[in-house]
Amino acid sequence: MSEYESMVRRQRKWMLYLLSILVLGAGFTPYTHVFNGLILGSAISFYNLWLLQRKTEAFGKSVVDTGAARSGLGVFSRLAAAAIGILLALRYQEVFHIMGVAIGVLSSYLIILFDMILEIIKQKKVKES
């Protein structure tokens, strides 16, 4: 397995862990309104992460095969998904907390950062050994 594929698997796994924790929070705490917003935002963020990883892989293959960039990384579709989530939260304010959705949409970027920090720490420990 390549380094990129293992990174993709780790990040998706972390996102699924986060989503499961949020579902437990919605089920067992009195803050279901906030957790529903976090779940919606994190689900959109997970979709955006998957889309970004898929587009990045296609972009890399295109550059390797043809030597030129095929297309972009889908910024418009990721922004549209986030906008749809915010619009859903605004339409159904009794179910979703708007700030929870906004924070949830950013969760994949926090997962990417968290994964990168863990890998740097892991590589430093391997170098020291």
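Being a predicted model, the structure only gives us computed values, none of them experimental.

Asks: Talk me through the nonpolar core; I want residue IDs and the actual numbers.
Replies: Ranked by size, the top nonpolar core spans 8 residues in total: L40, I44, A81, A82, A89, F96, V101 and V105. Contributing elements (two or more residues each) for this core: helix 2 (32-66), helix 3 (75-91) and helix 4 (98-105). Tallying contributions element by element places helix 3 first for this core, with 3 residues. With residues up to four places along the chain from it excluded, the contact list for F96 reads H33, N36, G37, L40, L88, A89 and V101.

Asks: I'd like to hear about helix 1 (residues 3-28), residue by residue, with values.
Replies: When the terminal C-alpha atoms of helix 1 are compared, their 38 Å separation across 26 residues agrees well with the 38 Å that a helix rising 1.5 Å per residue should span. Where helix 1 is concerned, the buried positions are V8, Q11, M15, L19, L22, G25 and A26. The inward-facing, buried residues of helix 1 contact helix 2 and helix 5 (107-128).

Asks: Give me the side chain of Q53: which residues, what numbers.
Replies: Locating Q53 in the fold gives a position in helix 2. Look past the residues within four positions of Q53 in its chain and what remains in contact with it is Y4, V8, Q11 and R12.

Asks: An account of the side chain of S42 is requested, with residue identities and associated values reported.
Replies: Relative to the assigned elements, S42 resides in helix 2. Residues within four places of S42 in sequence aside, it is in contact with M15, L18, L19, L22, G104, V105 and S107.

Asks: Lay out the packing of aromatic side chains in plain terms, naming residues and giving numbers.
Replies: A complete count under the given rule lists 3 aromatic pairs for this structure. Their ring planes at 90 degrees and their centres at 5.0 Å tell us that W14 and F114 sit as a pair that is edge-to-face. Taken together, the residues span a long stretch of sequence, with W14 in helix 1 and F114 in helix 5 at a distance of 100 residues. A centroid spacing of 6.0 Å and a plane angle of 35 degrees characterise the contact between Y47 and W50, whose relative ring orientation is tilted. You can see Y47 and its partner W50 sitting in helix 2, 3 residues apart, about one turn around the helix. Classification of Y47 as partly exposed rests on a relative accessible area of 38%. For W50, a relative accessible area of 33% gives the class partly exposed.

Asks: An account of the pattern of salt bridges is requested, with residue identities and associated values reported.
Replies: Counting across every chain of the model gives 3 salt bridges. Of the charged contacts, one joins D115 and R10 as a salt bridge, the two residues approaching to 2.7 Å between their closest N and O atoms. Highlighted residues: D115 in helix 5 and R10 in helix 1, separated in sequence by 105 residues. With relative accessibility at 3%, the residue D115 sits in the buried group.

Cut-offs used in this document
- Residues numbered from 1 in each chain as written.
- Predicted model: local features only at pLDDT ≥ 70, side-chain atom pairs only at ≥ 80, totals over all residues.
- Heavy atoms only, no water.
- Core = buried A, V, L, I, M, F, W, Y, C linked by side-chain atoms within 4.5 Å.
- Buried < 20%, exposed > 50% of the residue type's maximum accessible area, 1.4 Å probe, protein only.
- Helix = DSSP H or I, 4+ residues; strand = E, 2+ residues; numbered from the N terminus.
- Contact = heavy atoms within 4.5 Å.
- Expected span 1.5 Å × (residues − 1).
- Phe/Tyr/Trp six-rings, centres within 6.5 Å; stacked < 30°, edge-to-face > 60°.
- Salt bridge = Lys/Arg side-chain N within 4 Å of Asp/Glu carboxyl O.

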